[in-house]
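Structural description and commentary
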Protein chains: 2
Amino acid sequence: MASVRRVDHLAIVVEDLDRALAFWRDALGLPLARTETLPEQQAEIAFLPLGGSQVELLRPTDTESGIARFLAKRGPGLHHVSFEVTDLPAMLRQLKARGVRLINEQPVPGAGGSQVAFVHPESTGGVLVELCQPAAKPRRVQHGA
Amino acid sequence: MASVRRVDHLAIVVEDLDRALAFWRDALGLPLARTETLPEQQAEIAFLPLGGSQVELLRPTDTESGIARFLAKRGPGLHHVSFEVTDLPAMLRQLKARGVRLINEQPVPGAGGSQVAFVHPESTGGVLVELCQPAAKPRRVQHGA
């Protein structure tokens, strides 16, 4: 049976990245691993690792993207929580069989070669949940001694 | 310097605990460690451990508590994210010195002997953040061999 391993990341939509970093990086002391601008999502994202998980701060770079519309409608706050699962296709079948409302019935490509799928907040208790499976590590060829 | 160790838990306010457990426990497969009714918070809470963190599902048991008012105003969803810190009093001083808006300027008692303090969403990017420091483990007396 597919299972959940850990909280992968918390994605928080913010209006002002510098102001959010003043809390998460400067005051709380999380390291800022990197900042990326993702044209396909029309967002600038700051990645702050935290004990095996990560805080991601998302700032929309336009006014039409999903993230921009989320911000306009609901204000800054949690966009989604992402959980790492062991076998995403099997997990999605397992959820579907239980009547869970999926936004993605099949995995879609995520960051860094991962596969992801979103679960509708209606099924989770009001939280947008992302399930992710990291890219498989290349298998090492074993050489004889 | 005080620092953040990990995501301790995600607290999600729900209307119907059985319906939420149908997703988190039955479909996703998280173990249900226990369910507790906390009279002082007027809430029933289900605790589901997850890779060093925990998902907590909160159902208000009255209509007047903070959790009940949150549910009435905003609907089900994330109530707060809790992070474990190494030295809560020092962390609160550190945050205050940076101008972070604290809900609790001093630690208050949390569950299981822990100390907790809340940071106002205004400073975090719209997310209610709890900082917690677990109860100190009793020091073992060293006996000579």
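That block above? That's the structure.
Just so we're clear, the structure is a prediction, and the values are computed from it rather than from any experiment.

When chain A is fitted onto chain B, the two copies agree to an RMSD of 0.0 Å after a turn of 180 degrees and an axial shift of 0.0 Å. The transformation just described matches what one would write down for a two-fold rotation axis. A symmetric contact is evident, with 100% of the interface residues of chain A recurring at the interface of chain B.

Side chains of a nonpolar character, in soluble globular proteins, are inclined to be buried together. Ranked by size, the top nonpolar core spans 70 residues in total, and within it Trp24 of chain A together with Trp24 of chain B carry the most contacts. The residues contacting Trp24 of chain B, other than those within four sequence positions of it, are Phe83, Thr124 and Val129 of chain A together with Ile12, Gly29, Leu30, Leu48, Val55 and Leu57 of chain B.

What follows covers a positive patch on the surface. Taken together, the side chains of Lys73 and Arg74 of chain A together with Lys73 and Arg74 of chain B define a basic patch exposed on the protein surface. Elements that contribute at least two residues to the positive patch include exactly α2 (66-74) of chain A together with α2 (66-74) of chain B. Inspection of the secondary structure puts Arg74 of chain B in helix α2. The exposure class assigned to Arg74 of chain B is exposed, which follows from its relative accessible area of 62%.

Attention now goes to the sheet that holds strand β4 (residues 53-60) of chain B. Residue and element names in this part refer to chain B. The mixed open sheet is built from eight strands, whose spatial order is β2-β3-β4-β1-β5-β8-β7-β6. Looking along the sheet, the strands with just one partner apiece sit at the ends: β2 (34-38) and β6 (108-109). Note that strand β3 (residues 43-50) and β4 share eight bridges and pair antiparallel. In the sheet register, Leu48 faces β4, and the bridge partner there is Val55. On top of the sheet, helix α3 (residues 88-97) reaches β1 (4-13), β5 (77-85), β7 (115-119) and β8 (129-133); it is set at about 145 degrees to β8, its chief contact.

Turning our attention to the interface of chain A and chain B. Contacts between the two partners involve 40 residues from chain A, matched on the other side by 40 residues from chain B. Surface buried jointly by chain A and chain B totals about 2900 Å² across both partners, of which 72% is contributed by carbon and sulfur atoms. Where chain A packs against chain B, one counts zero salt bridges. Across the chain A-chain B interface, the total number found is ten residue pairs in polar contact (both at pLDDT 80 or more).

Moving on to the packing of aromatic side chains. Overall, the coordinates contain four aromatic pairs over all chains when judged by the stated rule. Between Phe23 of chain A and Trp24 of chain A, the ring centres sit 4.9 Å apart and the planes meet at 80 degrees, which makes this aromatic pair edge-to-face. For the pair formed by Phe23 of chain A and Trp24 of chain A, the shared burial category is buried. Three or more aromatic residues joined by ring pairs form one cluster here, namely Phe23 and Trp24 of chain A together with Phe83 of chain B. If you follow Arg34 of chain A out to its NZ or CZ, it ends over the ring of Phe47 of chain A, 4.0 Å from the centre.

For helix α3 (residues 88-97) of chain A, the set of buried residues is Leu88, Ala90, Met91, Leu92, Gln94 and Leu95 of chain A. Tucked into the core, α3 of chain A has its buried residues touching β1 (4-13), β5 (77-85), β7 (115-119) and β8 (129-133) of chain A together with α1 (17-27) of chain B. For α3 of chain A, the N-terminal capping position is held by Asp87 of chain A, with its side-chain oxygen 3.2 Å away from the main-chain nitrogen of Ala90 of chain A. With its phi angle positive at about 80 degrees, Gly99 of chain A sits one or two positions after the end of α3 of chain A.

What counts, and where the lines are drawn
- Residues numbered from 1 in each chain as written.
- Chains lettered and ligands numbered in written order.
- Predicted model: local features only at pLDDT ≥ 70, side-chain atom pairs only at ≥ 80, totals over all residues.
- Heavy atoms only, no water.
- Least-squares fit on C-alpha atoms with pLDDT ≥ 70 in both.
- Contact = heavy atoms within 4.5 Å.
- Core = buried A, V, L, I, M, F, W, Y, C linked by side-chain atoms within 4.5 Å.
- Buried < 20%, exposed > 50% of the residue type's maximum accessible area, 1.4 Å probe, protein only.
- Patch = residues over 30% accessible without salt bridge, like charges linked within 9 Å, V, L, I, M, F, W, Y side chains within 5 Å.
- Areas by Shrake-Rupley, 256 points an atom, 1.4 Å probe, with all protein chains shown as cover.
- Salt bridge = Lys/Arg side-chain N within 4 Å of Asp/Glu carboxyl O.
- Lys, Arg positive; Asp, Glu negative; His and termini not counted.
- Charge placed at Lys NZ, Arg CZ, Asp CG, Glu CD.
- Helix = DSSP H or I, 4+ residues; strand = E, 2+ residues; numbered from the N terminus.
- Pairing = 2+ DSSP bridges.
- Axes fitted to C-alpha atoms, helices over the stretch in contact; angles between N-to-C directions.
- Buried area = accessible area lost by both parts, 1.4 Å probe.
- Polar contact = N/O pair within 3.5 Å; in protein donor to acceptor, adjacent residues only side chain to side chain.
- Phe/Tyr/Trp six-rings, centres within 6.5 Å; stacked < 30°, edge-to-face > 60°.
- Lys NZ or Arg CZ within 6 Å of the ring centre and 35° of its normal.

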